[in-house]
Amino acid sequence: DKGGWSSFMAKEISEEPEAVAKTIIGRVEDGLVRIPELEGLDADTLRDIDRVVVIACGTAAYAGMVGKYAIEQWARVPVDVELAHEFRYREPVLTERTLVVSISQSGETMDTLMAVKYAREQGARTLSICNTQGATIPRESDAVVYTHAGPEVAVASTKAFVAQITAMYLFGIQLGQVRGTLDDSRARGLVRELQAVPDKLASVLASGERIREMAKWMADTQSVLFLGRHVGYPVALEGALKLKELAYIHAEGFAAGELKHGPIALIEPGQIVFVIVPSPRDPNSLHAKVVSNIQEIRARGARVIAIAEQGDAAVLPHADEVIRIPLASPFFEPLLAVVPLHIFGMELAAAKGLDVDQPRNLAKSVTVE
Ligand code: BG6
């Protein structure tokens, strides 16, 4: 039931705030993270692991990339992210101190399932982040943290993505608490930031109308690029994937720092480039670097659509359009910045008269290798 929305995708994007909120519920106690379902992996095990390997496909893999940045920072454990279908065929090095975290909305993706089984056979610990109760992948894992995004019907994943990042963040905070790399006051601060995301997301949804107008004038475009840095990089990849899946437009996401090493050669007058701009308060000063990337591509004739924090005036002289997101500390920006890109993918497909819920050649869950 589309509940009055024009598509399941429109409905599911509107549910992104709720997907985050519901994934947090029941997992915070006295301001700290306590995920009851993690019992299959007790505190000793969590202290003992020396590496995390995230395996997933598609959108879920991008959620894993966002999680990597956070888990490394908060729990000081090395994290690798791998596409599940590449993982198993190269004899990856796994030990009983490796924690393999699979991320899957359906819990049935064959590539991911086979990678989980392989990891178990090699003696690794396995944690599943999954949106579907009782699915095969969680049943094959030592522990499962369910994302509570609710059923996702549209083939292109949206609300599951923000719920997956939320689950990865909860896990990363708990890991940091258990391993002593996050003290209570820092952990509590991160929990508060996460709990503030749903309200902020609700205000991002309000930019939907403007994005629809933008999508209309872009309906004939042949190629769109997306740039981001740090946790904004996987968001750029996700924005590009949505355009390929939904609007059949050639789209690519790049790490903004990579621009000068190749992709800038693609920029010619009229090229549309979305740029996810880090906050001006970013401790790594990535904001200035990304603003200078914008200047470089603008000087070559690109049309720049910046996704930038409220009040960031530095982008104004250089961008053709600015979509605003509420203030948040760097790790919480991807949850906000991705929503305009989800809306954009959907609206561009709609402007081209395409079926946004059921794109050609794709299935919601791919149960063959
Ligand atoms: C693809 C879907 O086939 O599988 C994507 O079209 C999804 O939307 C990917 O991100 C992974 O699926 P799952 O269910 O394992 O998260």
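Preceding this paragraph is the structure being described.
First, a word on what this report is: a plain description of the structure on this page. What you are looking at is a predicted structure, and each value in this text was computed from that prediction instead of being measured.

Description of the site of the ligand
Item 1. Taken together, 14 residues surround the ligand, and among them T59, S104, Q105, S106 and T109 come closest.
Item 2. At a separation of 2.5 Å, an oxygen atom of the ligand approaches a polar side-chain atom of T109.
Item 3. Computed on the free molecule, the ligand has an accessible area of 390 Å², of which 91% lies beneath the protein chains in the complex.
Item 4. Considering only residue class, the shell around the ligand consists of five nonpolar, seven polar and two charged.

Some details on the nonpolar core
Item 1. Grouped together as the largest cluster of nonpolar side chains are 97 residues, with contacts concentrated most on Y169, F274 and F332.
Item 2. Residues within four places of Y169 in sequence aside, it is in contact with V66, G67, A70, W74, L194, V231, F331, F332, P334 and L335.
Item 3. If you look at the next biggest cluster of nonpolar residues, it comprises 21 residues, including F254, V304, V315 and V322.

Looking at the pairing of strand β5 (residues 98-104)
Item 1. Judged by how many residues are buried, β5 sits mostly within the fold: seven of seven residues are covered.
Item 2. Of the strand pairs in this sheet, strand β3 (residues 51-56) and β5 are connected by five bridges, and their pairing is parallel. Across the sheet, the residue bridging to V52 is L99, located in β5.
Item 3. Two elements, β5 and strand β6 (residues 125-130), share six bridges in a ladder whose sense is parallel. Of the residues in β6, the one forming a bridge with S102 is S128.
Item 4. One crossover worth recording links β5 to the parallel β6 by way of helix α6 (residues 110-121), and it is right-handed.

Re the sheet that holds strand β8 (residues 223-228)
Item 1. Taken together, five strands build an open sheet; the order of strands is β9-β8-β10-β11-β12 and the sheet is parallel. Pairing within the sheet leaves two strands with one partner each, and these edge strands are β9 (250-255) and β12 (321-325). On average, each strand axis in the sheet is inclined to that of its neighbour by 20°, with strand direction left out of account.
Item 2. Lying on the sheet, helix α11 (residues 232-247) is in contact with β8, β9 and β10 (272-276); it crosses β9 at an angle near 175°.

As for the packing of aromatic side chains
Item 1. Counted under the stated rule, the structure contains eight aromatic pairs.
Item 2. With a centroid separation of 4.6 Å and 50° between ring planes, the pair formed by F274 and F344 is classed as tilted. Here F274, found in strand β10, pairs with F344, found in helix α13 (residues 333-351); they are 70 residues apart in sequence, far enough to count as distant. Per residue, the accessibility class of F274 equals that of F344, and both read buried.
Item 3. Members of the aromatic cluster, each reached through a chain of ring pairs, are W74, Y169, F331 and F332.

Things to note about the side chain of E309
Item 1. Position of E309 relative to the elements: it lies in strand β11 (residues 303-309).
Item 2. According to the relative accessible area criterion, E309 is buried, its value standing at 5%.
Item 3. Filtering out sequence-adjacent residues up to four positions away, E309 remains in contact with S279, P280, R281, R324, I325, P326, L327, A328 and E333.

Details of the sheet that holds β6
Item 1. A sheet is described by the order of its strands in space; here five strands give the open sequence β4-β3-β5-β6-β7, paired in parallel fashion. The outermost strands of the open sheet, each flanked by one partner alone, are β4 (79-83) and β7 (143-146). Here the strands of the sheet are splayed against their neighbours by 20° on average, with no regard to which way each runs.

Observations regarding the packing of helix α2 (residues 16-24) against helix α8 (residues 159-179)
Item 1. Two elements in contact, α2 and α8, have axes whose closest approach is 8 Å; the angle formed by their N-to-C orientations is 30°. Here α8 runs roughly parallel to α2, going by the angle between their axes. Considering only the axes of α2 and α8, their crossing is right-handed. Two secondary-structure elements touch here, α2 through E16, A19, V20, T23 and I24 and α8 through K159, V162, A163, T166, A167 and L170.
Item 2. Residues that form the contact of α2 with α8 fall into these classes: seven nonpolar, two polar and two charged.

Observations concerning the packing of α8 against helix α9 (residues 184-205)
Item 1. Direction vectors running N to C along α8 and α9 enclose 170°, while the axes themselves pass 10 Å from each other. Relative to α9, α8 is oriented roughly antiparallel. Here α8 contributes T166, Y169, L170, I173 and Q177 to the contact with α9, which in turn contributes A187, L190, V191 and L194.
Item 2. Residues belonging to the contact of α8 with α9 are distributed by class as follows: seven nonpolar, two polar and no charged.

Topic: the pattern of salt bridges
A pair can form between side chains of opposite charge whenever their charged atoms are brought close.
Item 1. Per the counting criterion, the structure on display carries 23 salt bridges.
Item 2. A salt bridge links E18 to K22; the shortest N-O distance between them is 2.9 Å. One end of the pair is E18 and the other is K22, both in helix α2 and four residues apart, which spans about a single turn.
Item 3. Residue classification places K22 among the partly exposed residues on the basis of a relative accessible area of 40%.
Item 4. Between R34 and E29 there is a salt bridge, with its nearest N and O atoms 3.3 Å apart.

Parameters at a glance
- What you see as residue numbers is a count from 1 along each chain, following the sequence as written.
- Note on the predicted model: pLDDT of at least 70 is required for a residue's local features to be given, and 80 or more for side-chain atom pairs to be given and counted; whole-chain, interface and lining totals, by contrast, use all residues.
- Water and hydrogen atoms were dropped before computing side-chain values, which therefore reflect all heavy atoms in the structure.
- In these notes, residues near a molecule or strand are those with any non-hydrogen atom within 4 Å of it.
- Under this definition, polar contacts are N or O atom pairs within 3.5 Å; protein pairs additionally need one hydrogen-donor-capable and one acceptor-capable atom, and for neighbouring residues in sequence, both atoms have to be side-chain atoms.
- For the area figures, the Shrake-Rupley method with a 1.4 Å probe applies, and any residue is considered shielded solely by the protein chains shown.
- Three classes are used, and their members are as follows: Ala, Val, Leu, Ile, Met, Phe, Trp, Tyr, Cys and Pro are nonpolar, Asp, Glu, Lys and Arg are charged, and the others, Gly among them, are polar.
- Definition of nonpolar core: a set of buried residues of the types Ala, Val, Leu, Ile, Met, Phe, Trp, Tyr and Cys, connected through side-chain atoms within 4.5 Å.
- When a residue's accessible area, from a 1.4 Å probe over protein chains only, is under 20% of the maximum for its type it is buried; when over 50% it is exposed; and in between it is partly exposed.
- Any two residues whose heavy atoms approach within 4.5 Å at even a single point are treated as in contact.
- Put simply, DSSP H or I for four residues or longer makes a helix, DSSP E for two residues or longer makes a strand, and each gets a number counted from the N terminus.
- Two strands are counted as paired when DSSP detects at least two bridges linking them.
- When the strands point away from the viewer and the connection leading from the first strand across the helix to the second strand turns clockwise, the crossover is called right-handed.
- The convention used is that axes are lines fitted to C-alpha atoms, helices contributing only their stretch in contact, and that angles between N-to-C directions extend from 0 to 180 degrees.
- Pairing of aromatic rings covers Phe, Tyr and Trp, the last through its six-membered ring, and needs centres within 6.5 Å; plane angles under 30 degrees mean stacked, over 60 mean edge-to-face, and all others mean tilted.
- Note that the term roughly parallel is reserved for angles under 35 degrees, roughly antiparallel for angles over 145, roughly perpendicular for angles of 65 to 115, and oblique for everything else.
- Crossings are classed by handedness, with left-handed meaning an anticlockwise turn of the near helix from the far one by less than a right angle and right-handed meaning a clockwise turn.
- By salt bridge we mean one thing: a side-chain nitrogen of Lys or Arg within 4 Å of a carboxyl oxygen of Asp or Glu.

Without other data, these values stay purely geometric and don't point to any function.
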